[in-house]
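Each chain, letter by letter, is given below.
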Amino acid sequence: MTNAKVPEREELTVAGPAGPLECLLETPSVSGAVRGAALVCHPHPLHGGTMQNKVVHTLARAALDRDMAAMRFNFRGVGASAGSHDHGVGEIEDALAVAAELRQRFAPPLVVAGFSFGAAVAIEVARRLEPAALVSIAPAVDRWPRDDDWAQPRCPWLIVHGDADEIVAVDSVVEFANTLEPGPELLILPDVSHFFHGHLVALRGEVSGFLEASDLT
């Protein structure tokens, strides 16, 4: 890991389709240029999901390890973000608005990442934006509709899931991945629950390693 210093933090708002979105931008405190940016999407707003979630924080740190900026944000209706929950439809638009802000601030590459509900949103965002890479942690693949002609994002893609996930069944994620061609890189961690309790350091290392190995341009 290249970034050992505390990152610089900027609290800001981004204009979203339902009103201002509360965001937290972190940039690495290292010499040299920032190497792109990562957008990180949080878990389900109706079940306590916010940008302060520990897995979301871990994803941001993995991006910072690679000297990338990391933008976390609250979906509409969460924290200081305007609007109300829109069952994933409006949340995709929220994420696209924040991604546009990142692309104005930073040169490529752009990485899109998310956890649980946020991972499902991130997948749909990646299908629209074709980022340099996509990271999906415990994606809720059995909880959002997909058309018969649904096609996977065209970028390097990592899915990480725990085989003891009590919320999103690991079998559903394996089945989903097996339907795709060429399919994502799928990493199943043994004895790991949905929230990665006790395994956040390992998760950070896996995501950081994936970003390092990917051709991020």
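As a starting point, this report considers the structure included with it. (Residues numbered from 1 in each chain as written. Predicted model: local features only at pLDDT ≥ 70, side-chain atom pairs only at ≥ 80, totals over all residues. Heavy atoms only, no water.)

**Remarks on unusual backbone geometry**
For residues other than glycine, phi is negative in most cases, and the peptide bonds are mostly trans.
No. 1: Between P108 and the following residue, P109, the backbone shows a cis peptide bond with an omega angle of 10°.
No. 2: Here P109 is to be found in the loop between α2 (89–105) and β5 (110–115).
No. 3: Cis geometry is found at the peptide bond from E181 to P182, where omega equals 10°.
No. 4: Examined against the element boundaries, P182 turns out to sit in the loop between α4 (170–178) and β8 (185–189).
No. 5: Even without being a glycine, S116 presents a positive backbone phi close to 60°. (Helix = DSSP H or I, 4+ residues; strand = E, 2+ residues; numbered from the N terminus.)

**As for the pairing of strand β3 (residues 37–41)**
No. 1: Of all five residues that make up β3, five are buried, and the element is covered over most of its length.
No. 2: Of the two faces of β3, both are covered, the one formed by A37, L39 and C41 as well as the one formed by A38 and V40.
No. 3: Bridge count for β3 against strand β4 (residues 69–73) is four bridges, and the pairing is parallel. Its bridge partner being in β4, V40 is matched across the sheet by R72.
No. 4: In this view, the connection linking β3 to its parallel neighbour β4 by way of helix α1 (residues 54–65) has right-handed handedness.
No. 5: Pairing geometry for β3 and β5, over five bridges, is parallel. Bridge pairing in β5 links A38 to V111. (Buried < 20%, exposed > 50% of the residue type's maximum accessible area, 1.4 Å probe, protein only. Pairing = 2+ DSSP bridges. Right-handed = clockwise from strand over helix to strand, strands pointing away.)

**A closer look at the pairing of strand β2 (residues 19–27)**
No. 1: Summarising burial for β2: seven of the nine residues are buried, a large majority.
No. 2: Pairing between strand β1 (residues 8–16) and β2: nine bridges, direction antiparallel. Of the residues in β2, the one forming a bridge with A15 is P20.
No. 3: Relative to β4, β2 is paired through four bridges, and the arrangement is antiparallel. When the sheet's bridge partners are listed, E26 is paired in β4 with A70.

**Topic: the sheet that holds β3**
No. 1: Read from one edge to the other, the open sheet built from eight strands follows the order β1-β2-β4-β3-β5-β6-β7-β8, with strand pairing classed as mixed. Either end of the sheet is taken by a strand with one partner, and the two such strands are β1 and β8. Neighbour-to-neighbour, the strand axes of the sheet open up by a mean angle of 20°, direction not taken into account.
No. 2: Pairing between strand β6 (residues 133–137) and strand β7 (residues 157–162): four bridges, direction parallel. The partner of I137 across the bridge, within β7, is V160.
No. 3: Here α1 sits on the sheet and contacts β2, β3, β4, β5 and β6; the angle it forms with β4, its principal contact strand, is near 160°.
No. 4: Each of β5, β6, β7 and β8 touches helix α5 (residues 200–213); the most contacted strand, β6, lies at about 165° to it. (Axes fitted to C-alpha atoms, helices over the stretch in contact; angles between N-to-C directions. Contact = heavy atoms within 4.5 Å.)

**Here we look at the side chain of E91**
No. 1: Structurally, E91 can be placed in helix α2.
No. 2: For E91, which is buried and forms no salt bridge, the nearest opposite charge comes from R76, at a distance of 4.9 Å.
No. 3: E91 has contacts with F75, R76, H85, D86, F117 and V121, leaving out every residue within four places of it along the chain. (Lys, Arg positive; Asp, Glu negative; His and termini not counted. Salt bridge = Lys/Arg side-chain N within 4 Å of Asp/Glu carboxyl O.)

**Considerations on the pattern of salt bridges**
One side chain can pair with another of opposite charge once the charged atoms of both are near each other.
No. 1: Counted according to the given criterion, the structure contains 12 salt bridges.
No. 2: Across the salt bridge formed by R105 and E10, the nearest N and O atoms sit 3.3 Å from each other. With a gap of 95 residues between them, R105 in helix α2 and E10 in strand β1 connect regions that are remote in the sequence.
No. 3: The partly exposed category is assigned to R105, whose relative accessible area is 36%.

**A short note on the environment of L64**
No. 1: Its location among the elements puts L64 in helix α1.
No. 2: A relative accessible area of 0% means that L64 is categorised as buried.
No. 3: Between the alpha carbons of L64 and L102 there is a distance of 15 Å; along the sequence they are 38 residues apart.

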